[in-house]
Amino acid sequence: MGSGRAASEALLAYRAVLKATRKTFAGDTLMLRESAAEVRKKFEENRDAKSEEEIKQLLDDAREASSFISTMIVQAHRTDKGSFAVKPGMEHAGATLEIPSEEILKKGG
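This is a predicted model, so every value here is computed, not measured.

Asks: When you look at the packing of aromatic side chains in this model, what are you seeing that I'm missing?
Replies: The geometry of an aromatic ring pair comes down to the distance between the two centres and the angle between the two planes. Enumeration according to the criterion identifies one aromatic pair in this entry. With 5.1 Å between their ring centres and 75° between their planes, Y14 and F43 make a pair best called edge-to-face. One end of the pair, Y14, is in helix α1 (residues 3-24); the other, F43, is in helix α2 (residues 29-45), and 29 residues separate them in sequence. Residue classification places Y14 among the buried positions, given a relative accessible area of 18%. Residue class for F43 comes out partly exposed when judged on its relative accessible area of 25%.

This is the structure in structure tokens:
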């Protein structure tokens with residue numbers, strides 16, 4: 001894989017992961033900011049990857065992360081009554097959803 005092609009694929013993978021986080025965490029400023037920072041950090045940590053095999057694995061990992069974020073994470077929203085509601089979309093079809101406990105949700109919000 002040429003370095004230009006690898007850089008191009010890395011940029012596409014980076015954008016895909018960011019797009020997945022923006023969609024999944026829409027309306028949650030803290031999660032949007034923190035997830036974008038984490039994605040950038042992970043890509044920066046691997047900026048100097050040289051071997052074709054390592055680059056391929058990193059790109060595969062990024063694609064998997066994008067898919068996981070899009071299909072396996074559902075953002076809970078606080079209702080007017082103070083409880084939380086989860087509304088999975090079609091992209092979550094077939095996924096097993098784990099609802100966090102009220103205790104965990106209270107810590108976060």
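Asks: Looking at this model, I keep getting lost on the side chain of T21. Mind explaining?
Replies: Along the chain, T21 falls in helix α1. Contacts of T21, omitting those with residues within four sequence positions, involve A26, L32, S35, V39 and I69.

Asks: Explanation requested: the packing of α1 against helix α3 (residues 52-72) in the structure shown.
Replies: The packing of two helices is summarised by the inter-axis angle and the distance between the axes. For the pair α1 and α3, interaxial distance at closest approach is 8 Å and the crossing angle is 15°. Here α3 runs roughly parallel to α1, going by the angle between their axes. Considering the relative orientation of α1 and α3, their crossing is left-handed. Judged by residue contacts, A6, E9, A10, A13, A16, V17, A20, T21 and T24 of α1 engage I55, L59, A62, R63, S66, I69 and S70 from α3. When its residues are assigned to classes, the contact of α1 with α3 shows ten nonpolar, four polar and two charged.

Asks: How should I be thinking about the pattern of salt bridges in this particular structure?
Replies: Pairing between side chains becomes possible if they bear opposite charge and their charged atoms approach one another. One pass over the structure, following the stated rule, counts six salt bridges. Where E44 meets R47, a salt bridge forms, and the shortest distance between an N and an O atom there is 2.8 Å. The partly exposed category is assigned to E44, whose relative accessible area is 35%. Owing to a relative accessible area of 58%, R47 belongs among the exposed residues under this scheme. Salt-bridge contacts for R63 lead to D60; the nearest nitrogen and oxygen are separated by 2.9 Å. Residue R63 and its partner D60 are located together in helix α3, separated by three residues, close to a single helical turn. By relative accessible area, D60 is classed as partly exposed at 27%.

Thresholds applied
- Residues numbered from 1 in each chain as written.
- Predicted model: local features only at pLDDT ≥ 70, side-chain atom pairs only at ≥ 80, totals over all residues.
- Heavy atoms only, no water.
- Phe/Tyr/Trp six-rings, centres within 6.5 Å; stacked < 30°, edge-to-face > 60°.
- Helix = DSSP H or I, 4+ residues; strand = E, 2+ residues; numbered from the N terminus.
- Buried < 20%, exposed > 50% of the residue type's maximum accessible area, 1.4 Å probe, protein only.
- Contact = heavy atoms within 4.5 Å.
- Axes fitted to C-alpha atoms, helices over the stretch in contact; angles between N-to-C directions.
- Parallel < 35°, antiparallel > 145°, perpendicular 65-115°, else oblique.
- Left-handed = near helix turned anticlockwise from the far one by under 90°.
- Nonpolar A, V, L, I, M, F, W, Y, C, P; charged D, E, K, R; others polar.
- Salt bridge = Lys/Arg side-chain N within 4 Å of Asp/Glu carboxyl O.

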